[in-house]
Amino acid sequence: MKTLDPRMKLFFVIVITTLALLFSHPLWMLCLSVTALLIGFFMGADFNVFFRKLIRFTKVLFIIAAVQIIFVRTGDALVVIDGFALVYYDGLMRGLNTAMRYFVILYSAAVMAGENSRRVIASLTQMKVPYMFAFMVMITLRFLPIYAESFSDAMTSIQLRGVELKKVRFGRKIRLYGHLLLPVVADSIAKSQDLSAAMEARGFGAKKTRTAYHVIEMRKSDFLFFVVFSLLSAGAIAGYYLLQ
Amino acid sequence: MPETAIRLKDAIFTYPQSGFKVICEDLSLNTDETALVTGKNGSGKTTLLKLCCGILRPESGTLFIFGEDANKQSLGKIGQNVGYLFQEPSRQLFAATVWDEMTFIGGILGEDPEAIKERAESLLRRFNMLDMRERSVYRLSRGEKQRLAIAAILMRKIRYLILDEPTTGLDGENKKALIEVIESLQNDGIGIAIISHDRGIINCCGQKRIHVEGGRVVQ
Ligand SMILES: Nc1ncnc2c1ncn2[C@@H]1O[C@H](COP(=O)(O)OP(=O)(O)OP(=O)(O)O)[C@@H](O)[C@H]1O
Ligand SMILES: [Mg+2]
């Protein structure tokens with residue numbers, strides 16, 4: 001399955017992400033995580049990239065889960081300390097669910113990271129997706145590391161301005177993260193403006209059709225994957241709503 | 001009172017992606033002098049100065065900041081004493097307007113609003129930017145962004161400032177304004193390290209030369 005058509009991978013990522021957003025029950029989410037992991041593994045997901053990302057995000061995942069575990073106060077009390085109920089059933093379930101949701105979304109990003117961007121473009125345009133759009137998809141995938149870099153520069157420089165992250169109160173920390181996003185957004189807007197100007201200057205988009213060098217054909221295994229995976233997902237969605 | 005602000009001793013650092021290595025036996029930067037860091041493109045100037053303020057951490061060796069071992073200090077702690085101006089000004093501006101840029105960190109740290117206001121006003125006045133206080137940060141020219149970034153760094157009472165090629169892309173007028181800022185910081189007793197190839201900077205500000213070649217300091 002390593003050489004599965006890139007369109008199928010894109011399809012896989014879109015479906016998995018949608019399901020992850022749809023499901024709000026930890027048991028379903030767990031099944032989804034396991035299925036995604038297995039399929040991704042056979043697709044040749046880049047586990048190196050994935051685990052590096054995951055390590056960077058574990059703290060965030062943990063905080064997100066913890067916040068929900070503590071603040072959702074319905075259902076049976078599970079952990080009671082000195083007569084004060086700290087953890088409720090609903091909170092715990094919600095926390096687990098959210099943590100797994102982010103896990104799955106990160107993971108599908110890793111599946112795409114293992115794919116050659118030329119092949120993604122080529123396969124999309126041959127599906128009659130406008131080249132401009134396919135190009136945008138690729139550029140987004142390509143520039144993700146640069147956004148990460150400008151985010152980490154911003155993070156460094158705000159800390160060096162005397163902000164000790166550990167000492168900032170929770171409410172103010174949210175404000176801080178809002179500020180941190182500003183240079184990243186500004187950076188990406190500037191970059192995309194430069195990019196589109198440079199592309200137009202080189203005659204990009206002057207012709208509607210392009211000559212393909214890589215011709216990517218769907219093979220039997222791709223169709224098989226498509227059918228099985230679609231059925232499985234449709235079944236999962238139906239099951240999820242029927243059994244609720 | 002002149003002091004050793006930064007001392008980097010027996011430090012070794014390697015970029016894992018490119019294998020580029022910086023080795024620094026013993027480098028001291030003092031508050032009463034302005035150090036001019038020169039060297040070819042890619043010789044390791046930026047890397048060396050990032051090691052000097054904890055942005056990059058050495059594999060071995062020690063960074064001392066005002067006499068204290070700073071290897072384990074957080075950037076936030078180091079930032080109380082040392083400021084760093086990145087080569088790219090737009091990555092270090094975080095607010096919508098000039099005034100917000102100067103004041104928002106004080107707000108997050110829960111400092112006294114009156115004191116913040118006073119300090120921001122006096123800094124903007126000194127940098128000739130007080131009448132721009134309501135301007136959008138993203139509509140400033142490169143030179144103005146650069147000046148604002150320095151002014152914002154100075155909202156902390158730092159004692160040492162590192163500038164990475166601050167004159168890149170500035171015209172004569174803006175360069176002159178920047179040099180004036182640097183001179184006024186020298187008069188305040190703030191030590192400065194500047195990476196620069198600029199004649200104007202070299203002639204007016206450099207008192208101590210640090211030349212970098214192939215990742216090593218050759219004085
Ligand atoms: N993040 C990084 N990962 C890997 N290698 C890097 C990284 N940053 C810089 N390098 C490499 O380290 C070497 C020194 O880079 P550095 O930025 O310190 O040089 P510099 O003297 O500041 O150059 P310039 O005058 O162009 O700013 C270069 O060969 C560069 O390719
Ligand atoms: Mg440099």
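Residues numbered from 1 in each chain as written. Chains lettered and ligands numbered in written order. Predicted model: local features only at pLDDT ≥ 70, side-chain atom pairs only at ≥ 80, totals over all residues. Heavy atoms only, no water.

Caption draft 1: Local environment of the overall build of chain B. Along the backbone of chain B there are seven helices and ten strands. For chain B, buried positions account for 53% of its 219 residues. On chain B, roughly 9700 Å² of surface is accessible, and the fraction owed to carbon and sulfur atoms is 46%. (Helix = DSSP H or I, 4+ residues; strand = E, 2+ residues; numbered from the N terminus. Buried < 20%, exposed > 50% of the residue type's maximum accessible area, 1.4 Å probe, protein only. Areas by Shrake-Rupley, 256 points an atom, 1.4 Å probe, with all protein chains shown as cover.)

Caption draft 2: Region of the structure containing the site of ligand 1. Residues and elements named next belong to chain B. The environment of ligand 1 is formed by 14 residues, the closest being Ser18, Asn41, Lys45, Thr46 and Thr47. Within the side chain of threonine 47, a nitrogen or oxygen atom sits 2.4 Å from an oxygen atom of ligand 1. In isolation ligand 1 offers 640 Å² of accessible surface; the protein chains occlude 66% of this area. Split by residue class, the shell around ligand 1 holds two nonpolar, nine polar and three charged. (Near = heavy atom within 4 Å. Polar contact = N/O pair within 3.5 Å; in protein donor to acceptor, adjacent residues only side chain to side chain. Nonpolar A, V, L, I, M, F, W, Y, C, P; charged D, E, K, R; others polar.)

Caption draft 3: Looking closely at helix α1 (residues 45–52) of chain B. All names here are of chain B. With seven of eight residues buried, α1 lies mostly within the body of the structure. Taken as a whole, α1 has its buried residues at Lys45, Thr47, Leu48, Leu49, Lys50, Leu51 and Cys52. Downstream of α1 by one or two residues, glycine 54 has phi in the positive range, about 80°.

Caption draft 4: Quick look at the pairing of strand β2 (residues 84–88) of chain A. Residue and element names in this part refer to chain A. Looking at chain direction, strand β1 (residues 77–81) and β2 are connected through four bridges and run antiparallel. When the sheet's bridge partners are listed, alanine 77 is paired in β2 with tyrosine 88. Taken together, β1 and the strand that follows it, β2, pair antiparallel across an intervening segment of two residues, in which aspartate 82 is found at a positive phi of about 50°. (Pairing = 2+ DSSP bridges.)

Caption draft 5: Representation of the packing of helix α1 (residues 6–22) of chain A against helix α2 (residues 26–42) of chain A in the model. All names here are of chain A. Running from N to C, α1 and α2 cross one another at 165°; their axes reach a closest spacing of 10 Å. Relative to α2, the element α1 lies roughly antiparallel. For the element pair α1 and α2, the recorded crossing hand is left-handed. Mapping the contact onto sequence places Phe12, Ile16, Leu19 and Ala20 in α1 and Met29, Leu32, Ala36, Ile39 and Gly40 in α2. Partitioned by chemical class, the residues of the contact of α1 with α2 number eight nonpolar, one polar and no charged. (Axes fitted to C-alpha atoms, helices over the stretch in contact; angles between N-to-C directions. Parallel < 35°, antiparallel > 145°, perpendicular 65-115°, else oblique. Left-handed = near helix turned anticlockwise from the far one by under 90°. Contact = heavy atoms within 4.5 Å.)

Caption draft 6: Highlighting the interface of chain A and chain B. Counting residues at the interface gives 24 residues for chain A, matched by 30 residues for chain B. At the junction of chain A and chain B, the tally comes to two salt bridges. On inspection of chain A and its partner chain B, the count reaches six residue pairs in polar contact (both at pLDDT 80 or more). Taken together, the elements giving at least two residues each to the side of chain A that touches chain B come down to α6 (131–160) and α7 (170–201) of chain A. Here the element with the most residues in the side of chain A that touches chain B is α7(A); it accounts for ten residues. (Salt bridge = Lys/Arg side-chain N within 4 Å of Asp/Glu carboxyl O.)

Caption draft 7: Molecular detail of the pattern of salt bridges. Residues and elements named next belong to chain B. On inspection of all chains with the given rule, the structure shows 13 salt bridges over all chains. For arginine 7, the salt bridge goes to aspartate 26, with nearest N and O atoms at 2.9 Å. With arginine 7 in strand β1 (residues 4–14) and aspartate 26 in strand β2 (residues 21–30), this residue pair connects regions lying 19 residues apart in the sequence.

Caption draft 8: Fine view of the nonpolar core. Residue and element names in this part refer to chain B. Ranked by size, the top nonpolar core spans 38 residues in total, and within it Met102 and Ile150 carry the most contacts. Those elements that provide at least two residues to this core are α3 (98–108), α4 (113–126), α5 (142–153), β7 (160–164), α6 (172–187), β8 (191–195) and α7 (199–205). Sort the elements by how many residues they give to this core and α5 lands first, with six residues. Once residues lying within four places of it in the same chain are set aside, the contact partners of isoleucine 150 are Leu85, Phe127, Leu161, Leu163, Leu178 and Val181. (Core = buried A, V, L, I, M, F, W, Y, C linked by side-chain atoms within 4.5 Å.)

Caption draft 9: The side chain of Ser33(A), seen in detail. Within the secondary structure, Ser33(A) is located in helix α2. Excluding its chain neighbours within four sequence positions, the residues that come into contact with Ser33(A) are Met100(A), Phe103(A) and Val104(A).

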